[in-house]
Every structure is written in structure tokens, then in C-alpha cells.
Amino acid sequence: MGFQDIGSRLQQQLTTRTRCGSLRKLTAATAGSDFCSNDYLGYARHALLKQRIKEASLDLAYGSTSSRLVRGHRELTDQVEQRIAEFHQSPCALIYNSGYDANLGFWSCIPQRGDLVIFDEYIHASIRDGIRLSFARHASFKHNSLDHLEERLKSAKGLIYVAIESVYSMGGALAPLKEVQQLCADYGARLVVDEAHATGVVGERGQGLVQTANLQEQTFARVHTFGKALGCHGSAILGSQALKDYLINFSRPLIYTTALPPHSLMAIDCAYHFLDENPQHVNELNLTIDYFTHQADHPSFIKSPSPIQGFKTPGNHAVLDLANRLQQQGLDVRPMRHPTVPLGSEQIRICLHRFNTRQEINHLLQCLMREVKQP
Ligand SMILES: Cc1ncc(COP(=O)(O)O)c(C=O)c1O
């Protein structure tokens, strides 16, 4: 097949996406009110935190220069991993360059041939991709359905892993963690929890859902990410020393990549320190969520106790259109379209932040109601 044929095949697929209203484009963030980023606590824009990171990083090298197994690992890496492990009450933490890398790195090498991975159908793409790289078998269960999970566990053979998110990036629902953990204990399965959207958000100190439920010792592994509420970048897998040693030896997204630069490590350290010093930030975020969920009054809202809310707008073209109209009114909201969400579940995703003012929320709700009345 020549370059021209390949080009036309790619073009054909892009044209199909355009026809289905699912063509993705890169657009620079608008000046409008931020109702779409994952900067839940506003740490990515916080002047004092920014100043602290700047001062702490002045003497640090710009690049890490190699992978962690060569010269990319430093004393600073050990110190930051130690801080993360202590904050999250885990024996060990292992930093990855992103949450995507951590999930790919964990799921591609921990479950092995003959094992079974059972995952919530709403699980993040990075976990799905990791599972696809693994030799283990896999099966999904209906979103947050304990009955369906138990049905899967009953018929499972081999070593079993159960993958859930504590706060689902799709829809914002919290996992019924205690019940899922109990089922895992009953059937001898290893529970792995992705806390990406719970880090800095769930629990009085933003420690995540697992610690809030005091289940850190019963959980095989946790993934925390730093690119969301902590406002910086990277992630860590939490678990035992044996798990950490294994990942250092077999987890390819950790081994075959240049380590995070020291500046990023320092940013993670400062962000955790800042969160520790300011537990009121988590409470302020929760007040914003309460305000929104009390004011939002329409059957199309998909409300949740997390910062991730939704407004059902079935159809790719319809949801894209609504998002465009809201953006024109100074509201930076983004449409969730098929295939990112199941067909018919298209929605406007509304991410709430500690810094969103009551006026901004009122404006969003008024504009949404006006648009829904006059499509
Ligand atoms: C549940 C979940 N896990 C993992 C990730 C990936 O994290 P990162 O953005 O740090 O790669 C995301 C981000 O979209 C997520 O929503």
C-alpha cells in the first residue's frame, strides 16, 4: 500500500468521524469561566504555590537526563515518594510520568497468563489499554453494579484482580468501595483503585476514598495522579515493597522512558505540602459542589457528590452544538461524545472548582436553562 492509499484510508476515517460529529480537534483554552479542567482545587493557578515551586526549583536541573534506572532517579525522587507514601498511609509509592503511564505500567505486567481482570465498564482508557497489553483474561461488570461484579467473581478462575475508580471520570459517581472490597475479600480477589479524581478531593484532607474508608491495608494497589486537583503532573502507584520492586523490574512505561524532571518532582512535593497545610481547600471545593447540586434543577442533570457533573444531551451533534453555544457565552464547558461515552449517553461535562464563584455557577445554570428551552 503506497503513502497515497494510506493517506486516503486515514482521510476516510476522519470523514466518518466528521459525519458522526465525533471529530476531535485541539483548541486552545478559552478565556471563559473554567468548567472543564481537572484543576479542582485551583492549584495550577495558585500564586503562592507557584511562588513556592519556583523558589524551591531555582537550583534544579531542567531535565532528568535519562530513565530512572540510569541517572533519572535522584535522592529527591526518594524523598517525594516517601512523602506521598506517608500522606497516603502506604508502605511504598512509585512515581510514574503520568496516570496513563502508571495504569499502563501496572496492568500490562501485574496480572499474568491464567489470571483474570474484572473491571467496571466505565473504567478509564488507560486501564483498558494496560489490560489489552496483558496476557491475562478480562471481563467487565456493569457500572457500580455489585450484583454483576459478584456474578463475575462467582464464575472466575485463577488469580483475580478487580479494577475500579474511586470517583469515575465518566459521570463523577463514587464507587461503593466498602461493598466492592467486601466482595473482593469474599472471593479472594485483589482490589486495585484508581484515585485520579479523588486525590485532593475526597476525604477531609483530600487523601482519597480508600483512606477515607480506612481500607488502605485491604487494597492491593492504588493509583494517585497529580495532574488534576494537585495542579501539577505525574502519578504514583501505592502498594507493598514487593509490588514496587516488581514494577521497577517489569513495568515497561517506568523502565523505558526519561524520568520526570526534578522541577516536576519539586512541584509534586510542594503541592502535597500545600494540601497538607490547607485542609480547608477541600472543604471549600465541597461547598461549591453542594451549591451547584442544590441550584441545578432539571431532569437532564447527572448530579454527583464529586466535582464532575453532567447534563444529558443525547447525540453527538446536539451536545457539540450546545457546548459551542455555551462557550460563546463565556462558559468553557466541553461535550462528552460517543465513542468516549456510550451511544446515547452524550453529555455536557461540568467540572467544578474551588475557585468557581456563585455568580459563575448561576450564569452557567441560567444559560443552560435558556438554551434547553430554545434549542
Ligand atoms: C481515572 C483516570 N485515571 C488515569 C488518568 C490518567 O492520568 P494522567 O492525566 O495523569 O495521565 C485519568 C486522566 O484522564 C483518569 O481520569
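From a predicted model like this one, the values you see are computed outputs, not experimental measurements.

How each quantity is defined
Residues numbered from 1 in each chain as written. Predicted model: local features only at pLDDT ≥ 70, side-chain atom pairs only at ≥ 80, totals over all residues. Helix = DSSP H or I, 4+ residues; strand = E, 2+ residues; numbered from the N terminus. Rg over C-alpha atoms; globule rule 2.2 N^0.38 Å. Buried ≥ 20, exposed ≤ 12 C-beta atoms within 10 Å, placed from the backbone. Contact = placed C-beta atoms within 7 Å. Near = placed C-beta within 6 Å. Nonpolar A, V, L, I, M, F, W, Y, C, P; charged D, E, K, R; others polar. Axes fitted to C-alpha atoms, helices over the stretch in contact; angles between N-to-C directions. Parallel < 35°, antiparallel > 145°, perpendicular 65-115°, else oblique. Left-handed = near helix turned anticlockwise from the far one by under 90°. Expected span 1.5 Å × (residues − 1). Domains from an automatic or database assignment.

Quick look at the overall build of the protein chain now. Of the regular secondary structure elements, the protein chain holds 15 helices and 13 strands. Computed over the C-alpha atoms, the radius of gyration of the protein chain is 21 Å, within 12% of the 21 Å expected from 2.2 N^0.38 for a compact globule of 375 residues. With respect to the principal axes defined by its C-alpha atoms, the protein chain has extents near 60 × 55 × 50 Å. Sorting the 375 residues of the protein chain into buried and exposed places 43% on the buried side. Residue pairs in contact within the protein chain that sit at least 24 positions apart in sequence constitute 72% of those at least 6 positions apart.

Taken together, 14 residues surround the ligand, and among them Ser98, Gly99, Tyr100, Ser169 and Ala196 come closest. Tallied by class, residues from the shell around the ligand come to two nonpolar, 10 polar and two charged.

The packing of two helices is summarised by the inter-axis angle and the distance between the axes. Running from N to C, helix α7 (residues 146-154) and helix α8 (residues 177-187) cross one another at 15°; their axes reach a closest spacing of 11 Å. On the basis of the axis angle, α7 is roughly parallel to α8. In the crossing of α7 with α8, the sense of the turn from one axis to the other is right-handed. In contact with Leu146, Leu149, Glu150 and Leu153 of α7, α8 contributes Glu179, Val180, Leu183 and Tyr187. In the contact of α7 with α8, the residues fall into six nonpolar, no polar and two charged.

Turning next to helix α12 (residues 262-277). In this model α12 runs 22 Å from its N-terminal to its C-terminal C-alpha over 16 residues, within 8% of the 22 Å that 1.5 Å per residue would give. Along α12, 12 of the 16 residues are buried, which leaves the element largely enclosed by surrounding structure. All of the buried residues in α12 are Pro262, Ser264, Leu265, Met266, Ala267, Ile268, Asp269, Cys270, Ala271, Tyr272, Phe274 and Leu275. Packing partners of the buried residues in α12 comprise α2 (47-57), α4 (75-87) and α13 (280-295).

It is worth spelling out the domain arrangement of the protein chain at this point. In terms of domain boundaries, the protein chain breaks down into domain 1 (29-46 + 279-373) and domain 2 (60-277). Each of domain 1 and domain 2 has a C-alpha centre, and the two are 26 Å apart. Contacts between the two partners involve 20 residues from domain 1 and, on the opposite side, 21 residues from domain 2. Of all the secondary-structure elements, those providing two or more residues to the side of domain 1 that touches domain 2 are α13 and β10 (308-312). The residue inventory of the side of domain 1 that touches domain 2, partitioned by class, reads 12 nonpolar, seven polar and one charged.

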